Amino acid sequence: MAQVCDRNPGNWCILVGVPPAHRWGRNPVENAEPVASLTLLTLPLPLGLLSIILGTGEPKPLQPSGFNPTDLQIEWQSPWIAELARDPVVEAIVADYVAGLQKQGWSGPDQGVWIQVGQSVVAEHQGTVLMPAASLTKLATSLASLKTWPLDHHFDTLVGLHGTVQDGVLNGDLVIQSSGDPLFVWEEGIVLANRLQSLGIQRVTGDVLVTGPFMMNFEAELADSLGDLKQVMAADTWSRAARQAYASLPPDTPQPSLHIDGTARWIPEADLENVPIDWVVRHQSLPLLDILKAMNIYSNNAMAEKMAELLGGPGQVMAKVTAAAELPAGEINLVNGSGLGVDNQMSARVVVAIAQALQRELSSQGFSIADLLPVSGEDAGTLRDRRLPPTAAVKTGSLSEVSALAGMVPTAEKGPVWFAILNKGWDIPDLRSQQDQLIQAIQAHWGVAEAPADLRPKIHLQTGSFRYGDPDRNQVAQEAALE
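What you are looking at is a predicted structure, and each value in this text was computed from that prediction instead of being measured.

Reading the values: rules and limits
Residues numbered from 1 in each chain as written. Predicted model: local features only at pLDDT ≥ 70, side-chain atom pairs only at ≥ 80, totals over all residues. Heavy atoms only, no water. Phe/Tyr/Trp six-rings, centres within 6.5 Å; stacked < 30°, edge-to-face > 60°. Helix = DSSP H or I, 4+ residues; strand = E, 2+ residues; numbered from the N terminus. Contact = heavy atoms within 4.5 Å. Salt bridge = Lys/Arg side-chain N within 4 Å of Asp/Glu carboxyl O. Buried < 20%, exposed > 50% of the residue type's maximum accessible area, 1.4 Å probe, protein only. Axes fitted to C-alpha atoms, helices over the stretch in contact; angles between N-to-C directions. Parallel < 35°, antiparallel > 145°, perpendicular 65-115°, else oblique. Left-handed = near helix turned anticlockwise from the far one by under 90°. Nonpolar A, V, L, I, M, F, W, Y, C, P; charged D, E, K, R; others polar. Pairing = 2+ DSSP bridges. Expected span 1.5 Å × (residues − 1). Core = buried A, V, L, I, M, F, W, Y, C linked by side-chain atoms within 4.5 Å. pLDDT = per-residue confidence, 0-100.

1. Considerations on the packing of aromatic side chains
Considering all chains together, one arrives at 3 aromatic pairs under this definition. Judged by centre distance (5.2 Å) and plane angle (75 degrees), the ring pair of W149 and F155 falls under edge-to-face.

2. Quick notes on the environment of A357
With respect to the helices and strands, the residue A357 is situated in helix α11 (residues 348–363). Considering only alpha carbons, one finds A357 and I369, 12 residues apart in sequence, at a separation of 9.6 Å. Setting aside anything within four residues of it in sequence, one finds A357 in contact with L143, A324 and A325.

3. Concerning the pattern of salt bridges
The final tally for this structure, using the stated rule, is 13 salt bridges. Note that D207 is salt-bridged to R265, the shortest N-O span being 3.0 Å. You can see D207 sitting in the loop between β10 (203–204) and β11 (208–211) and its partner R265 sitting in strand β13 (residues 264–266), a full 58 residues away along the chain. Classification of R265 as partly exposed rests on a relative accessible area of 38%. Residues joined by salt bridges that share partners form a network here, namely E378, E450 and R456.

4. Observations concerning the packing of helix α3 (residues 88–103) against helix α12 (residues 428–446)
A packed helix pair is summarised by two numbers, namely the angle formed by the two axes and the spacing between the axes. Two elements in contact, α3 and α12, have axes separated by 10 Å at closest approach and are oriented at 165 degrees. If you check the angle between α3 and α12, you find them roughly antiparallel. Every pair of crossing elements has a handedness; the one defined by α3 and α12 is right-handed. Residues V89, V90, I93, V94, Y97 and L101 of α3 form the contact with α12, whose participating residues are L431, Q434, Q435, L438, A441, I442, H445 and W446. By residue class, the composition of the contact of α3 with α12 is 11 nonpolar, 3 polar and no charged.

5. Concerning the pairing of strand β18 (residues 402–411)
For β18, a buried count of 10 out of 10 residues is recorded, marking the element as mostly surrounded by other parts of the structure. Of the pairings in the sheet, the one linking strand β17 (residues 393–399) to β18 comprises 7 bridges and is antiparallel in character. Residue pairing across strands places T396 opposite L405, the latter belonging to β18. Hairpin remark: β17 followed by β18, antiparallel, with 2 residues in the connecting loop. The pairing of β18 with strand β19 (residues 415–424) spans 10 bridges and is antiparallel. In the sheet register, V409 faces β19, and the bridge partner there is V417. Turn length for the β18-β19 hairpin, with the two strands adjacent in sequence and antiparallel, is 3 residues.

6. Remarks on α12
An ideal rise of 1.5 Å per residue puts 27 Å on 19 residues; α12 measures up with 28 Å between its terminal C-alpha atoms. A large share of α12 lies buried, amounting to 16 of its 19 residues.

7. Comments concerning the packing of helix α5 (residues 186–198) against helix α6 (residues 222–232)
Between α5 and α6, the least distance of the axes is 9 Å, while the angle of their chain directions is 45 degrees. Regarding the angle of α5 to α6, the classification is oblique. Considering how the two elements wind past one another, α5 and α6 form a crossing that is right-handed. From α5, W186, G189, I190 and A193 reach across to α6, where they touch D228, Q231 and V232. Taken together, the residues of the contact of α5 with α6 sort by class into 4 nonpolar, 2 polar and 1 charged.

8. Quick word on helix α8 (residues 288–297)
With respect to burial, α8 is a largely interior element, 10 of its 10 residues being buried. When we look at burial in α8, the residues that qualify are L288, L289, D290, I291, L292, K293, A294, M295, N296 and I297. Close packing links the buried residues of α8 with α4 (137–146), α9 (301–311), α11 and β17. Following α8 by one or two positions, S299 adopts a phi angle in the positive range, close to 50 degrees.

9. So, the nonpolar core
Formed by 66 residues in total, the largest nonpolar core has its most connected members in L183, V321, I332, M346, I354 and L422. Only α4, α8, α9, α10 (314–325), α11, β18 and β19 provide two or more residues apiece to this core. No other element matches α11, which puts 10 residues into this core. Apart from the residues lying within four places of it in its own chain, the contact partners of L183 are E188, F218, L286, I291, A294, M303 and Y468.

10. Description of the confidence of the model for the protein
Residues of the protein with pLDDT of at least 70 account for 81%, and the chain-wide mean is 85. Contacts for the low-pLDDT stretch residues 1–29, under 50 throughout, to residues beyond four places or in other chains number 91 contacts. Throughout residues 479–483 the model reports pLDDT below 50, and contacts reaching past four residues in sequence, or to other chains, amount to 3 contacts.

11. Comments concerning the sheet that holds strand β16 (residues 345–346)
Strand order in this open sheet of 3 strands is β7-β16-β15, and the pairing throughout is antiparallel. Two strands close off the open sheet at either side, each with one partner strand: β7 (131–132) and β15 (332–333). Examined bridge by bridge, β7 and β16 share 2 bridges and lie antiparallel to one another. By the bridge assignment, M131 is partnered in β16 with M346.

12. Comments concerning unusual backbone geometry
Although it is not a glycine, D167 adopts a positive phi angle of roughly 55 degrees. Tracing the chain through its elements places D167 in the loop between β8 (157–166) and β9 (169–178). Positive phi values are uncommon outside glycine, yet E326 reaches one of about 50 degrees. The topology assignment puts E326 in the loop between α10 and β15. On the accessibility criterion, E326 (43% relative accessible area) is partly exposed.

Structure (structure tokens):
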């Protein structure tokens, strides 16, 4: 919880994180989603919002401007917005929040807020206006993925031999056929190389021929991915990053020494049509839901771009999401799958619609939004410095002039409350802090609670079969074909 202390009337100190420019681990994440130290800042807070957080004073019910409930019902009769149930206190919280932003010099029309309980909107501000969504775009990419593949879908990487093997030497080329695994990292490559060596291959006299939408270690450039692929095969060529990844594997994991005489290069799949290949290993990615969880915890742009590419591009993502969440026309525009760039835009109510559609899709299969998004108090990543209520499942979004937050916060009186906040401004740490205070105030109004059992995560990355570099996901290709 945020720590507050009165210094001067209308001026309060809040314990918040002040992020330096940083990249979370080795994952290329959205702009300004860093690891930070804690610093005591003095921030101006709207007295109405502060009184609600502290439980002092009585806020005045304020009606947000620019909203006509009748127009909304006529404009869009979507199942998830079947009724309107205004809460004057929450409306006052939102109004005070927006007023506070305006006092700091931010434009009121550039701030979007949507608060919803079940099928009812209880408060909003500019909730139907297109605004830069930053990495909230990854919610759309996630939903489109779930509507395309089953939750346990694996992105296979086939490994074959073109040539003859004699005394541990492949006189020919190693062939890699990728289906686009977005989470093929050092650990995966290490155990794959070990599996090849267990089949008796110690050296390749030719090249590593790669085909398909291959990406390794979230590298934006194919040449970098190919370089990493060759490097991972032999420990004596490893970079520091590869050695750090190896340290995360079980201590009895061998260090591979499969040397490639040639280079790693990409070729079109058509070039292999008449080439005799002996497929020897089928490497499976982590299941789809685990991949999406990792993508959202770290807000990994490279993974999101790869997912959108596999889905057919941002146009296909929009089409799938619009159908799945029954979105209104004109309130979503995507130019990529990650949210990089201000041209990726959604309205706050569309963000909530997508989040609820994700929950419906997941709950029908025994999971929940908490298995897809980072959970406050349990997952680090982009939530490392946030002051959000425990067990809230949320997605962050950041660009140089955009800060966004959306997801579910549990409450005692109303159960899960769905929300989206889209801010435009340059002081990203301050905007984040005030988003956290807004969600704290809403939960305080309806009662502090933890998420119920059906909204708690069942998937925990880097544990059991969900860990990177699980050797059991490397199968002998012929055996896998018989399954």
